[in-house]
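# Results of the structural survey
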Amino acid sequence: MEMKDAVAVVTGANRGLGRHLAAQLVERGAKVYAAARRPEAVDLPGVIPLLLDVTDEDSVRAAARTASDATLLVNNAGISTATPLIAGGPDAVRLEMETNFFGPLAVTRAFAPVIGGNGGGAVLNVLSVLSWLHPAGLGSYAAAKAAAWALTDAAREELAPLGITVSALHVAYMDTDMAAGVPADQKTDPADVAAQALRGIEAGLPEILADETTRYVRRSLAASPNAA
(Lines give C-alpha, C1' and ligand atoms only; values in the text may rest on other atoms or scores of the structure.)
Protein backbone atom coordinates (compact mmCIF):
# COMPACT_ATOMS: atom_id res chain seq x y z
CA MET A 1 0.00 0.00 0.00
CA GLU A 2 1.43 3.37 -1.03
CA MET A 3 1.15 6.01 1.68
CA LYS A 4 0.87 8.83 -0.84
CA ASP A 5 -2.42 7.34 -2.04
CA ALA A 6 -3.79 6.60 1.43
CA VAL A 7 -6.67 8.21 3.26
CA ALA A 8 -5.73 7.49 6.87
CA VAL A 9 -7.61 7.58 10.16
CA VAL A 10 -5.21 7.65 13.13
CA THR A 11 -6.76 7.26 16.57
CA GLY A 12 -5.11 9.01 19.49
CA ALA A 13 -3.41 11.36 17.04
CA ASN A 14 -3.12 14.35 19.35
CA ARG A 15 0.09 13.19 21.08
CA GLY A 16 2.77 10.53 21.36
CA LEU A 17 3.18 7.91 18.68
CA GLY A 18 -0.15 8.79 17.09
CA ARG A 19 0.98 12.35 16.48
CA HIS A 20 4.19 11.12 14.82
CA LEU A 21 2.25 8.67 12.66
CA ALA A 22 -0.16 11.38 11.53
CA ALA A 23 2.66 13.84 10.80
CA GLN A 24 4.67 11.32 8.78
CA LEU A 25 1.61 10.26 6.82
CA VAL A 26 1.04 13.89 5.85
CA GLU A 27 4.71 14.17 4.84
CA ARG A 28 4.26 11.12 2.60
CA GLY A 29 1.29 12.70 0.85
CA ALA A 30 -1.60 10.95 2.59
CA LYS A 31 -4.88 12.56 3.55
CA VAL A 32 -5.08 12.20 7.33
CA TYR A 33 -7.99 12.28 9.75
CA ALA A 34 -6.37 12.89 13.14
CA ALA A 35 -8.83 11.31 15.55
CA ALA A 36 -9.01 12.17 19.24
CA ARG A 37 -11.52 12.45 22.07
CA ARG A 38 -10.73 16.18 22.08
CA PRO A 39 -10.17 17.12 18.43
CA GLU A 40 -9.43 20.70 19.50
CA ALA A 41 -6.19 19.32 20.99
CA VAL A 42 -4.97 18.28 17.52
CA ASP A 43 -2.51 20.95 16.39
CA LEU A 44 -0.79 19.28 13.44
CA PRO A 45 -0.79 21.21 10.18
CA GLY A 46 -2.30 19.43 7.21
CA VAL A 47 -4.57 17.02 9.08
CA ILE A 48 -8.35 16.90 9.52
CA PRO A 49 -9.26 16.74 13.23
CA LEU A 50 -11.88 14.06 13.88
CA LEU A 51 -13.91 13.45 17.02
CA LEU A 52 -13.54 9.80 18.02
CA ASP A 53 -13.75 8.18 21.44
CA VAL A 54 -12.94 4.49 20.99
CA THR A 55 -15.00 3.59 24.08
CA ASP A 56 -18.17 5.24 22.68
CA GLU A 57 -19.73 3.27 19.84
CA ASP A 58 -21.92 6.21 18.75
CA SER A 59 -18.75 8.28 18.38
CA VAL A 60 -17.06 5.46 16.45
CA ARG A 61 -19.96 5.10 14.02
CA ALA A 62 -20.14 8.87 13.49
CA ALA A 63 -16.40 8.99 12.74
CA ALA A 64 -16.78 6.21 10.17
CA ARG A 65 -19.54 8.19 8.45
CA THR A 66 -17.37 11.33 8.38
CA ALA A 67 -14.21 9.58 7.16
CA SER A 68 -16.10 7.66 4.48
CA ASP A 69 -13.14 7.79 2.08
CA ALA A 70 -10.74 5.99 4.47
CA THR A 71 -8.37 3.33 3.14
CA LEU A 72 -6.06 3.03 6.16
CA LEU A 73 -6.98 2.69 9.83
CA VAL A 74 -4.37 3.04 12.57
CA ASN A 75 -5.64 1.82 15.93
CA ASN A 76 -3.22 3.71 18.14
CA ALA A 77 -5.33 5.11 21.01
CA GLY A 78 -4.69 3.36 24.29
CA ILE A 79 -4.07 3.74 28.02
CA SER A 80 -1.99 2.14 30.76
CA THR A 81 -3.20 2.31 34.37
CA ALA A 82 -0.44 0.08 35.85
CA THR A 83 -3.10 -2.11 37.41
CA PRO A 84 -2.43 -5.70 38.53
CA LEU A 85 -5.16 -8.20 37.71
CA ILE A 86 -5.70 -9.67 41.19
CA ALA A 87 -5.02 -6.83 43.62
CA GLY A 88 -6.03 -4.02 41.26
CA GLY A 89 -9.40 -2.34 41.13
CA PRO A 90 -11.84 -4.05 38.75
CA ASP A 91 -12.94 -0.74 37.24
CA ALA A 92 -9.37 -0.01 36.12
CA VAL A 93 -9.04 -3.51 34.63
CA ARG A 94 -12.29 -3.04 32.72
CA LEU A 95 -11.19 0.39 31.52
CA GLU A 96 -8.00 -1.06 30.04
CA MET A 97 -9.95 -3.80 28.26
CA GLU A 98 -12.53 -1.30 27.00
CA THR A 99 -9.86 1.05 25.65
CA ASN A 100 -7.13 -1.33 24.48
CA PHE A 101 -9.23 -4.26 23.19
CA PHE A 102 -12.91 -3.44 22.75
CA GLY A 103 -12.03 0.04 21.42
CA PRO A 104 -9.88 -1.18 18.51
CA LEU A 105 -12.43 -3.92 17.85
CA ALA A 106 -15.27 -1.40 17.59
CA VAL A 107 -13.27 0.94 15.36
CA THR A 108 -12.17 -1.90 13.09
CA ARG A 109 -15.73 -3.21 12.81
CA ALA A 110 -16.93 0.28 11.83
CA PHE A 111 -14.19 1.02 9.32
CA ALA A 112 -13.72 -2.40 7.68
CA PRO A 113 -16.73 -2.00 5.38
CA VAL A 114 -15.64 1.57 4.61
CA ILE A 115 -12.13 0.50 3.61
CA GLY A 116 -13.42 -2.53 1.74
CA GLY A 117 -15.91 -0.38 -0.14
CA ASN A 118 -13.11 1.97 -1.16
CA GLY A 119 -11.23 -0.84 -2.88
CA GLY A 120 -9.31 -2.22 0.09
CA GLY A 121 -6.42 -0.96 2.16
CA ALA A 122 -4.89 -1.67 5.54
CA VAL A 123 -5.35 -1.71 9.30
CA LEU A 124 -2.48 -1.21 11.74
CA ASN A 125 -2.96 -2.16 15.39
CA VAL A 126 -0.46 -0.61 17.79
CA LEU A 127 0.30 -3.36 20.30
CA SER A 128 3.22 -3.93 22.68
CA VAL A 129 5.96 -6.31 23.70
CA LEU A 130 3.59 -6.93 26.63
CA SER A 131 1.31 -8.77 24.21
CA TRP A 132 3.73 -11.64 24.93
CA LEU A 133 5.43 -10.66 28.21
CA HIS A 134 3.08 -10.38 31.19
CA PRO A 135 4.53 -8.74 34.32
CA ALA A 136 2.18 -8.84 37.31
CA GLY A 137 2.29 -5.10 37.97
CA LEU A 138 1.02 -4.38 34.46
CA GLY A 139 -1.32 -7.33 34.31
CA SER A 140 -4.40 -5.51 33.01
CA TYR A 141 -2.44 -3.76 30.26
CA ALA A 142 -0.70 -7.00 29.25
CA ALA A 143 -3.99 -8.91 29.20
CA ALA A 144 -5.62 -6.27 27.00
CA LYS A 145 -2.67 -6.18 24.59
CA ALA A 146 -2.58 -9.99 24.43
CA ALA A 147 -6.27 -9.93 23.54
CA ALA A 148 -5.58 -7.24 20.92
CA TRP A 149 -2.88 -9.47 19.41
CA ALA A 150 -5.47 -12.23 19.02
CA LEU A 151 -7.86 -9.68 17.53
CA THR A 152 -5.19 -8.67 15.02
CA ASP A 153 -4.50 -12.22 13.89
CA ALA A 154 -8.18 -13.14 13.60
CA ALA A 155 -9.07 -9.91 11.79
CA ARG A 156 -6.21 -10.45 9.33
CA GLU A 157 -7.84 -13.68 8.16
CA GLU A 158 -11.38 -12.30 8.24
CA LEU A 159 -10.62 -9.09 6.34
CA ALA A 160 -8.34 -10.55 3.66
CA PRO A 161 -11.27 -11.24 1.28
CA LEU A 162 -12.10 -7.51 1.41
CA GLY A 163 -8.58 -6.63 0.24
CA ILE A 164 -7.60 -5.35 3.69
CA THR A 165 -4.22 -6.24 5.19
CA VAL A 166 -3.91 -6.19 8.98
CA SER A 167 -0.56 -5.50 10.64
CA ALA A 168 0.55 -5.51 14.28
CA LEU A 169 3.12 -3.04 15.57
CA HIS A 170 4.88 -4.40 18.67
CA VAL A 171 7.14 -2.08 20.65
CA ALA A 172 8.62 -1.81 24.14
CA TYR A 173 9.12 1.55 25.89
CA MET A 174 8.89 4.69 23.76
CA ASP A 175 9.80 8.24 24.68
CA THR A 176 6.18 9.29 25.22
CA ASP A 177 4.04 10.40 28.17
CA MET A 178 3.03 6.79 28.89
CA ALA A 179 6.65 5.87 29.66
CA ALA A 180 7.60 9.12 31.39
CA GLY A 181 9.02 7.30 34.42
CA VAL A 182 11.31 5.01 32.41
CA PRO A 183 15.04 5.94 32.09
CA ALA A 184 15.78 7.62 28.76
CA ASP A 185 18.32 5.02 27.64
CA GLN A 186 15.60 2.34 27.71
CA LYS A 187 13.22 4.19 25.41
CA THR A 188 12.85 4.23 21.62
CA ASP A 189 12.25 7.41 19.63
CA PRO A 190 8.56 7.38 18.60
CA ALA A 191 9.44 9.09 15.32
CA ASP A 192 11.60 6.09 14.42
CA VAL A 193 8.82 3.69 15.48
CA ALA A 194 6.34 5.58 13.29
CA ALA A 195 8.68 5.37 10.30
CA GLN A 196 9.12 1.62 10.80
CA ALA A 197 5.36 1.18 11.07
CA LEU A 198 4.64 2.99 7.81
CA ARG A 199 7.33 1.03 5.98
CA GLY A 200 5.81 -2.15 7.34
CA ILE A 201 2.34 -1.22 6.12
CA GLU A 202 3.73 -0.42 2.68
CA ALA A 203 5.40 -3.85 2.60
CA GLY A 204 2.28 -5.61 3.87
CA LEU A 205 4.09 -7.08 6.88
CA PRO A 206 1.86 -8.94 9.34
CA GLU A 207 4.14 -8.00 12.26
CA ILE A 208 6.40 -5.00 12.74
CA LEU A 209 8.91 -5.37 15.59
CA ALA A 210 10.20 -1.93 16.44
CA ASP A 211 13.14 -2.54 18.81
CA GLU A 212 15.61 -5.19 19.93
CA THR A 213 13.75 -5.92 23.19
CA THR A 214 10.62 -6.74 21.22
CA ARG A 215 12.52 -8.85 18.70
CA TYR A 216 14.21 -10.80 21.51
CA VAL A 217 10.92 -11.53 23.29
CA ARG A 218 9.26 -12.55 20.01
CA ARG A 219 12.06 -15.02 19.30
CA SER A 220 11.73 -16.39 22.82
CA LEU A 221 8.14 -17.46 22.22
CA ALA A 222 9.45 -20.44 20.29
CA ALA A 223 11.54 -21.65 23.26
CA SER A 224 10.28 -24.33 25.61
CA PRO A 225 8.75 -22.81 28.79
CA ASN A 226 10.74 -25.38 30.77
CA ALA A 227 14.06 -24.55 29.13
CA ALA A 228 16.84 -23.40 31.44
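Residues numbered from 1 in each chain as written. Predicted model: local features only at pLDDT ≥ 70, side-chain atom pairs only at ≥ 80, totals over all residues. Heavy atoms only, no water.

Moving on, we come to the packing of aromatic side chains. Tallied over the entire structure, the rule returns 2 aromatic pairs. Centroid distance Phe101 to Phe102: 4.9 Å. Interplanar angle 70°. Geometry classified as edge-to-face. Look at Phe101 and you get buried, because its relative accessible area is 17%. When the centroid spacing of 5.7 Å and the interplanar angle of 80° are considered together, the rings of Trp132 and Trp149 count as edge-to-face. Of this pair, Trp132 sits in the loop between strand E5 (121–126) and helix H4 (139–159) while Trp149 sits in helix H4; the two residues are 17 residues apart in sequence, bridging distant segments of the chain. A residue is classified by how much of its surface remains accessible, and Trp132, at 8% relative accessible area, is buried. Stacked on the ring of Trp132, the Lys or Arg Arg218 has its end atom at 5.1 Å from the ring centre. (Phe/Tyr/Trp six-rings, centres within 6.5 Å; stacked < 30°, edge-to-face > 60°. Buried < 20%, exposed > 50% of the residue type's maximum accessible area, 1.4 Å probe, protein only. Helix = DSSP H or I, 4+ residues; strand = E, 2+ residues; numbered from the N terminus. Lys NZ or Arg CZ within 6 Å of the ring centre and 35° of its normal.)

Turning our eyes to something else, we now look at the packing of helix H1 (residues 16–27) against helix H5 (residues 190–203). H5 packs onto H1 with a crossing angle of 55° between their chain directions and a minimal axis gap of 9 Å. For the element pair H1 / H5, the angle class is oblique. Read as a crossing pair, H1 and H5 show a hand that is right-handed. Where H1 abuts H5, its residues Leu17, His20, Leu21, Gln24 and Leu25 lie against Pro190, Ala191, Val193, Ala194, Ala195, Ala197 and Leu198. Looking at the contact of H1 with H5, its residues break down into 10 nonpolar, 2 polar and no charged. (Axes fitted to C-alpha atoms, helices over the stretch in contact; angles between N-to-C directions. Parallel < 35°, antiparallel > 145°, perpendicular 65-115°, else oblique. Left-handed = near helix turned anticlockwise from the far one by under 90°. Contact = heavy atoms within 4.5 Å. Nonpolar A, V, L, I, M, F, W, Y, C, P; charged D, E, K, R; others polar.)

Let us look at empty space enclosed by the protein. All chains considered together, the criterion is met by 1 cavity of 30 Å³ or more. In this structure, the largest cavity occupies an estimated 40 Å³ of space. Taken together, Asn75, Ala77, Asn100, Pro104, Asn125, Val126, Leu127, Lys145 and Ala148 make up the lining of the largest cavity. Broken down by secondary-structure element, the contributors of at least two residues to the lining of the largest cavity are helix H3 (90–117), E5 and H4. Residues of the lining of the largest cavity, tallied by class, amount to 5 nonpolar, 3 polar and 1 charged. (1 Å grid on protein atoms, 1.4 Å probe; cavity = no way out; pocket = protein on both sides within 12 Å on 5 of 7 lines; lining within 4 Å. Points joined across faces, edges and corners; volume = space filled by probe spheres on them.)

Turning our attention to the nonpolar core. Within soluble globular proteins, side chains that are nonpolar generally end up buried alongside one another. Counting residues in each nonpolar core, the largest one holds 31 residues, and the members touching the most others are Leu17, Leu21, Leu25, Leu72 and Leu169. For this core, the secondary-structure elements that each account for two or more residues are strand E1 (7–11), H1, strand E2 (31–36), strand E4 (72–75), E5 and H5. If one sorts the elements of this core by residue count, H5 sits on top with 5 residues. In contact with Leu25, other than residues within four places in its own chain, are Met3, Ala8, Val10, Ala30, Val32, Leu72 and Leu198. One finds Val7, Leu52, Leu73 and Leu159 within the second-largest nonpolar core, a separate group that totals 26 residues. (Core = buried A, V, L, I, M, F, W, Y, C linked by side-chain atoms within 4.5 Å.)

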